Amino acid sequence: MSDFVIRIIPTDPYLRIPEESLQIAKELLVDRITCDNIQIHSFENTSFIDCGGNLQRISCPHCGSEVDFAWWGDEVSKVYDKSFKSLSVCMPCCNKVSSMNDLLYDYPCGFALSVLEVLNPGVEITAELKEKIESIIGSSIRIINAHI
Ligand SMILES: [Zn+2]
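Description of the structure in this document.

Parameters at a glance
- Residues numbered from 1 in each chain as written.
- Predicted model: local features only at pLDDT ≥ 70, side-chain atom pairs only at ≥ 80, totals over all residues.
- Heavy atoms only, no water.
- Helix = DSSP H or I, 4+ residues; strand = E, 2+ residues; numbered from the N terminus.
- Expected span 1.5 Å × (residues − 1).
- Buried < 20%, exposed > 50% of the residue type's maximum accessible area, 1.4 Å probe, protein only.
- Arc of directions from axis to C-beta.
- Contact = heavy atoms within 4.5 Å.
- Disulfide = S-S within 2.5 Å.
- Phe/Tyr/Trp six-rings, centres within 6.5 Å; stacked < 30°, edge-to-face > 60°.

1. Section: helix 2 (residues 69-81)
Two residues of an α-helix separated by three or four positions point the same way, owing to the 3.6 residues in each turn. The end-to-end C-alpha distance of helix 2 is 18 Å, a good match for the 18 Å that 13 residues give at a rise of 1.5 Å each. Among the residues of helix 2, those classed as buried are Trp71, Trp72, Glu75, Val76 and Val79. With its buried residues spanning 135 degrees around the axis, helix 2 presents them on a single face. In helix 2, the exposed positions that point more than 90 degrees away from the buried face belong to Tyr80 and Asp81. If you follow the buried residues of helix 2, they end up packed against strand 2 (37-49), strand 3 (57-59), strand 4 (88-90) and strand 6 (104-106). A positive phi of about 55 degrees marks serine 83, the residue just after helix 2.

2. Considerations on the state of the cysteines
By the definition in use, this model includes 0 disulfides. We note that cysteine 51 lacks a disulfide partner, and the nearest cysteine sulfur, in cysteine 109, lies 3.5 Å from it.

3. A word on the packing of aromatic side chains
Throughout the structure, instances matching the rule amount to 6 aromatic pairs. Measuring from centroid to centroid gives 5.1 Å for phenylalanine 48 and phenylalanine 111, while their planes differ by 50 degrees, and the two rings are tilted. Of the two residues, phenylalanine 48 is situated in strand 2 and phenylalanine 111 in strand 7 (residues 110-119); the sequence distance between them amounts to 63 residues. When the centroid spacing of 5.9 Å and the interplanar angle of 80 degrees are considered together, the rings of tyrosine 80 and phenylalanine 84 count as edge-to-face. The exposure class of tyrosine 80 is exposed, given its relative accessible area of 56%. In this structure phenylalanine 84 comes out as buried when scored by relative accessible area, which is 8%. Put simply, the rings of Phe48, Trp72, Tyr80, Phe84, Tyr105 and Phe111 pair up and form one aromatic cluster.

Structure representation (structure tokens):
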């Protein structure tokens, strides 16, 4: 049986959210959402936060061309080797520069230094709850719906 996880990350892949703010956001989620478990993960380097089996397509934010998964995998390995210090890539379709964080992932994915994970939530994150989390952590957030 597969699990459903909502992963909440700041939209800025290099933003370091204080542990205290993450804890407050977690407590708000515990209060508002029925789920199996809520966890905070923080990383030394920016990490790829994926949507698991939900990832079907990656497209170029400039020209909309679909990106080859093999190319993408190679580029992730390259930024990984540099500890994700830069996420810039030159797109193979139109030769324009983009951030790996800004590619059009379907479903959404992203890069972040920390993530709040809600395991098997009973409800979705409403716009109102999203805004509350954003004000707690002081940043806009990206919500990633992952099947793992
Ligand atoms: Zn392109």
